[in-house]
Amino acid sequence: AQSVTQLGSHVSVSEGALVLLRCNYSSSVPPYLFWYVQYPNQGLQLLLKYTTGATLVKGINGFEAEFKKSETSFHLTKPSAHMSDAAEYFCAVSEFTSGTYKYIFGTGTRLKVLA
Amino acid sequence: EAGVAQSPRYKIIEKRQSVAFWCNPISGHATLYWYQQILGQGPKLLIQFQNNGVVDDSQLPKDRFSAERLKGVDSTLKIQPAKLEDSAVYLCASSLMAGAANYGYTFGSGTRLTVV
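I will try to describe carefully the structure that is included in this document. (Residues numbered from 1 in each chain as written. Chains lettered and ligands numbered in written order. Predicted model: local features only at pLDDT ≥ 70, side-chain atom pairs only at ≥ 80, totals over all residues. Heavy atoms only, no water.)

### Quick word on the overall build of chain B
Alright, step 1. Tallying secondary structure elements over chain B gives zero helices and 11 strands in all.
Alright, step 2. Secondary structure elements in chain B, listed N-terminal to C-terminal, are β-β-β-β-β-β-β-β-β-β-β.
Alright, step 3. Across its three principal axes, chain B shows a C-alpha extent of roughly 40 × 25 × 25 Å.
Alright, step 4. Looking at chain B, you have 12 positive and 9 negative side-chain charges, and the mean spots of the two groups are 5 Å apart. (Helix = DSSP H or I, 4+ residues; strand = E, 2+ residues; numbered from the N terminus. Lys, Arg positive; Asp, Glu negative; His and termini not counted. Charge placed at Lys NZ, Arg CZ, Asp CG, Glu CD.)

What follows is the structure, given as structure tokens:
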């Protein structure tokens, strides 16, 4: 079974600083990878996804992630943090089992942005 | 388009009581999912429907949890009787098809359940 590891349950950055949220996966086949964001008391919102093709994926709100097969990583970055980026971020891998796809989520990283 | 609607937003019950959650997916989305998100953990799939049929319920505690999607549209998730460890946010999501690689999920805002 596939798994997802997010390093750091809490990350703090200053406003304007680089945001780096780490995600590593285990998969025996080329994976489909996703980042979701969850604002307080809301559901999860898709930030970006990697399926095939270009390994650098751009998403909403200025976020991007790079698929590195050799490192089995899919880290999320943003050049300059905004206060509005404070939220919880989940990395997920799509697994095909029992004739259907389903997500395996990481445990999440809570991002705090300091003024 | 309207999003995934869930109700209630919050629920507090005593252990051994029963509770039900409701979800109305995006119109036309054939696939519906219920996830359980315990504090400090990532969402865990409980059950997946394709139209009104169950595709995957391997992680649903069937001795106390049940779910239905009778007309292939809205769905209810029930817990009876509830335990303290059922305290979590229950998220409903829908997608056009079951192929997650090409279709992202749309999540509702969730129902926060507290069992005391």
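Text resumes after the structure shown.
### What to know about the pairing of strand 12 (residues 109–114) of chain A
All names here are of chain A.
Alright, step 1. Residues Thr109, Leu111 and Val113 of strand 12 are buried on one face, while the alternating residues Arg110, Lys112 and Leu114, pointing to the opposite face, are not.
Alright, step 2. Here three bridges tie strand 10 (residues 87–97) to strand 12, and the two strands are oriented antiparallel to one another. The residue bridging Ala87 from the neighbouring strand is Leu111, located in strand 12. (Buried < 20%, exposed > 50% of the residue type's maximum accessible area, 1.4 Å probe, protein only. Pairing = 2+ DSSP bridges.)

### Section: unusual backbone geometry
Alright, step 1. Residue Pro8 of chain B follows Ser7 of chain B across a cis peptide bond; omega there is -10°.
Alright, step 2. Backbone torsion omega between Gln80 of chain B and Pro81 of chain B reads -5°, so that peptide bond is classified as cis.
Alright, step 3. Along the chain, Pro81 of chain B turns up in the loop between strand 8 (75–79) and strand 9 (88–95).
Alright, step 4. Of note in the backbone geometry, Thr72 of chain A takes a positive phi value of approximately 45° without being a glycine.
Alright, step 5. With respect to the helices and strands, the residue Thr72 of chain A is situated in the loop between strand 8 (64–68) and strand 9 (73–78).
Alright, step 6. Given the relative accessible area of 30%, Thr72 of chain A is considered partly exposed.
Alright, step 7. Positive phi, close to 55°, is recorded for Asn51 of chain B, a residue that is not glycine.
Alright, step 8. For Asn51 of chain B, the location among the structural elements is in the loop between strand 5 (44–50) and strand 6 (53–56).
Alright, step 9. Note on Asn51 of chain B: relative accessible area 39%, which makes it partly exposed.

### A closer look at the packing of aromatic side chains
Alright, step 1. Counting across every chain of the model gives 18 aromatic pairs over all chains.
Alright, step 2. With a centroid separation of 5.6 Å and 80° between ring planes, the pair formed by Tyr36 of chain A and Phe107 of chain B is classed as edge-to-face. Note that Tyr36 of chain A is positioned in strand 5 (residues 32–38) and Phe107 of chain B in strand 10 (residues 106–107), a pairing that runs across two chains. Pair check on accessibility: Tyr36 of chain A and Phe107 of chain B agree, each one buried.
Alright, step 3. An aromatic cluster is present here, built from Phe34, Tyr36, Phe90, Tyr103 and Phe105 of chain A together with Tyr33, Tyr35, Tyr105 and Phe107 of chain B joined pairwise through their rings. (Phe/Tyr/Trp six-rings, centres within 6.5 Å; stacked < 30°, edge-to-face > 60°.)

None of this, on its own, says anything about what the molecule does.
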